Amino acid sequence: MNALCSRIKESVNRPVVMIGLMGAGKTRLGGMLAKALSLPFADSDKEIERASNLTVSEIFEKLGEPRFREMEEKVLTRLLSNGPCVIATGGGAVMNERTAQKIWDEAISIWLNADIDVLVRRCGRNNKRPLLAGANRADMLKSLMDVRGAVYGRADITVDTSGPDTEATFQTLLQSLANHLGVRESL
Ligand code: S3P
């Protein structure tokens, strides 16, 4: 582990939580952060799928979005109580006020923000995201950003993930986290 990462790790005393729209890179960059800091990583969508034995799409279809948000709250409450770790949330997690409050109170939150056209491209055409199924993806992501942008903006840290170079974006994220924690790379 390099010097910056070990100093960040020494200072991280709570979960680091990735928030932001679908396609922003929460799972990818969250996984990279966990690996760089040797911290456990969890993805709330995957945890919900494991606990329910259903896919996210099946939960939306069979049980409805409100029930999914309850399951998400339960899973995130558990993950947040695990001490230092990295958590990738689903894009709508912070739209449940109780879940959001727990994240603001108990975690270091990082909003991964990106241009809508980049998100549209990254979300591809797969049908794993029920909110985009059958919708115009650009229109849907734009309207979700209109509704959610102010909430995402409450995060402790914001990182623009629009660029094509994931490693460069990751270095920016690492530096932003170090700045937030008041960590400097030792000389
Ligand atoms: C959602 C985002 C998805 C998933 C569900 C709802 C949302 O997660 O939780 O489809 O409301 O934005 P990702 O952001 O990981 O795609």
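So, here's what we can say about the structure.

Definitions and cut-offs
- Residues numbered from 1 in each chain as written.
- Predicted model: local features only at pLDDT ≥ 70, side-chain atom pairs only at ≥ 80, totals over all residues.
- Heavy atoms only, no water.
- Helix = DSSP H or I, 4+ residues; strand = E, 2+ residues; numbered from the N terminus.
- Contact = heavy atoms within 4.5 Å.
- Polar contact = N/O pair within 3.5 Å; in protein donor to acceptor, adjacent residues only side chain to side chain.
- Near = heavy atom within 4 Å.
- Areas by Shrake-Rupley, 256 points an atom, 1.4 Å probe, with all protein chains shown as cover.
- Nonpolar A, V, L, I, M, F, W, Y, C, P; charged D, E, K, R; others polar.
- Expected span 1.5 Å × (residues − 1).

**A look at the environment of Glu-73**
Examined against the element boundaries, Glu-73 turns out to sit in helix H5 (residues 65-80). Taking C-alpha positions, Glu-73 is 18 Å from Thr-27, a pair spaced 46 residues apart along the chain. Non-local contacts of Glu-73, meaning those with residues more than four positions away in its chain, are made with Asn-96, Arg-98, Thr-99 and Lys-102. Within the structure, Glu-73 has its side chain in polar contact with the side chain of Arg-98 (distance 2.9 Å).

**What to know about the site of the ligand**
In the region of the ligand, 14 residues are neighbours, and Lys-26, Asp-45, Arg-69, Arg-129 and Arg-148 sit closest. The side chain of Arg-69 places a nitrogen or oxygen atom 2.7 Å from an oxygen atom of the ligand. Residue Arg-148 places a side-chain N or O atom 2.7 Å away from an oxygen atom belonging to the ligand. For the ligand, the protein covers 95% of the area, taking 390 Å² as the surface of the free molecule. Elements with a minimum of two residues in the shell around the ligand: helix H4 (56-62) and H5. Residue classes in the shell around the ligand are distributed as 6 nonpolar, 3 polar and 5 charged.

**Some details on helix H2 (residues 26-37)**
With 12 residues, H2 extends 16 Å from end C-alpha to end C-alpha; this agrees with the ideal 16 Å at 1.5 Å per step. Count one or two residues on from H2 and you reach Ser-38, which has phi positive near 50°.

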